[in-house]
Amino acid sequence: MTWRAPAVERPDGSLTAPERELLQGYLDFYRSTLLLKCAGLTAEQLAERPSPPSNLSLLGLIRHLTKVERIWFRIHFADEPAAPLFAPELGKDADFELIDPADAQAAYDGLIAEWKLSDEAAAGRSLDDRFTFSGTESTLRMIYIHLIGEYARHCGHADLVREQLDGTTGA
């Protein structure tokens, strides 16, 4: 039996919640939106790049956002000894370029697992908690804002890729 990305329901979030809950709600909305764009597709479809010469695919987006979650929440903010997902010598676009449909389910499951680890890294921490990366001081609040923007941008990409794959459109 061929694996297909499962159906997804997006969470409802408050529009009047305190800042931390509001930011988490928007991040969770966009996280699930990415998976909604993948729902029902086979591993081969997830790996397809429908807009040459672009290296963009839904599987590449899944891998990229797994990498981004790990880098910001676990490596930079929590200072965990989490290994990079892709060896630096593979290049900055390895998450998009070195894809294989055989890895689609593991990549999909890995993104969901990384979300849990990211949420654990931020749990109980203040949005004002600071960290330093590359000599620049920042806060947990910045990570939430950055990741919401990252997901929103890539969900737009996913919209276009999905429409090119099978004509499916919608938020």
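Up top you'll find the structure we're talking about.
These lines cover the structure that appears in this document, whether it is placed above or below.

Notes on the overall build of the chain
Scanning the chain from N- to C-terminus turns up six helices and two strands. Sequence-ordered secondary structure for the chain, helices as α and strands as β, is α-α-α-α-α-β-β-α. Here the C-alpha radius of gyration of the chain, 16 Å, is about what a compact globule of 171 residues would show, namely 16 Å. Overall, the C-alpha framework of the chain stretches about 45 × 40 × 30 Å when taken along its three principal axes. Taking all contacts inside the chain whose residues are at least 6 apart in sequence as the whole, residues at least 24 apart take part in 73%. Summed over its atoms, the accessible surface of the chain is roughly 8900 Å², and 54% of this surface lies on carbon and sulfur atoms. On the chain, the mean spot of the 17 positive side-chain charges and the mean spot of the 27 negative ones are 1 Å from each other.

Re the packing of helix 1 (residues 19-38) against helix 6 (residues 140-166)
Between helix 1 and helix 6, the least distance of the axes is 9 Å, while the angle of their chain directions is 25°. Comparing the axis directions of helix 1 and helix 6 gives the class roughly parallel. Regarding helix 1 and helix 6, the two cross each other, and that crossing is left-handed. When grouped by side-chain class, the residues that make up the contact of helix 1 with helix 6 number 16 nonpolar, two polar and seven charged.

Some thoughts on the packing of helix 1 against helix 5 (residues 104-122)
Helix 5 packs onto helix 1 with a crossing angle of 175° between their chain directions and a minimal axis gap of 12 Å. Judged by the angle between their axes, helix 1 and helix 5 are roughly antiparallel. Each of Arg 20, Gln 24, Arg 31, Ser 32, Leu 34 and Leu 35 in helix 1 lies in contact with helix 5, whose residues at this interface are Tyr 108, Leu 111, Ile 112, Trp 115, Ser 118, Asp 119 and Ala 122. A class-by-class count of the residues in the contact of helix 1 with helix 5 yields seven nonpolar, three polar and three charged.

Concerning the pairing of strand 2 (residues 136-139)
The two faces of a sheet get side chains in turn, since along a regular strand they alternate between them. Two elements, strand 1 (residues 130-133) and strand 2, share four bridges in a ladder whose sense is antiparallel. Bridge assignment links Arg 130 to a residue of strand 2, and that residue is Thr 139.

What to know about the side chain of Lys 67
With respect to the element layout, Lys 67 can be found in helix 3 (residues 58-77). Residue Lys 67 is classed as buried on the basis of its relative accessible area, which comes to 18%. Ignoring any residue separated from it by four or fewer positions in sequence, one finds Lys 67 in contact with Leu 85, Phe 86, Lys 92 and Asp 95.

A few points about helix 1
In this model helix 1 runs 29 Å from its N-terminal to its C-terminal C-alpha over 20 residues, within 8% of the 28 Å that 1.5 Å per residue would give. Residues Leu 23, Gln 24, Leu 27, Arg 31, Ser 32, Thr 33, Leu 34, Leu 35, Lys 37 and Cys 38 constitute the buried set of helix 1. The secondary structure elements touched by the buried residues of helix 1 are helix 2 (43-47), helix 3, helix 5 and helix 6. Directly beyond the C-terminal end of helix 1, a positive phi value near 85° is found at Gly 40.

Cut-offs applied
Residues numbered from 1 in each chain as written. Predicted model: local features only at pLDDT ≥ 70, side-chain atom pairs only at ≥ 80, totals over all residues. Heavy atoms only, no water. Helix = DSSP H or I, 4+ residues; strand = E, 2+ residues; numbered from the N terminus. Rg over C-alpha atoms; globule rule 2.2 N^0.38 Å. Contact = heavy atoms within 4.5 Å. Areas by Shrake-Rupley, 256 points an atom, 1.4 Å probe, with all protein chains shown as cover. Lys, Arg positive; Asp, Glu negative; His and termini not counted. Charge placed at Lys NZ, Arg CZ, Asp CG, Glu CD. Axes fitted to C-alpha atoms, helices over the stretch in contact; angles between N-to-C directions. Parallel < 35°, antiparallel > 145°, perpendicular 65-115°, else oblique. Left-handed = near helix turned anticlockwise from the far one by under 90°. Nonpolar A, V, L, I, M, F, W, Y, C, P; charged D, E, K, R; others polar. Pairing = 2+ DSSP bridges. Buried < 20%, exposed > 50% of the residue type's maximum accessible area, 1.4 Å probe, protein only. Expected span 1.5 Å × (residues − 1).

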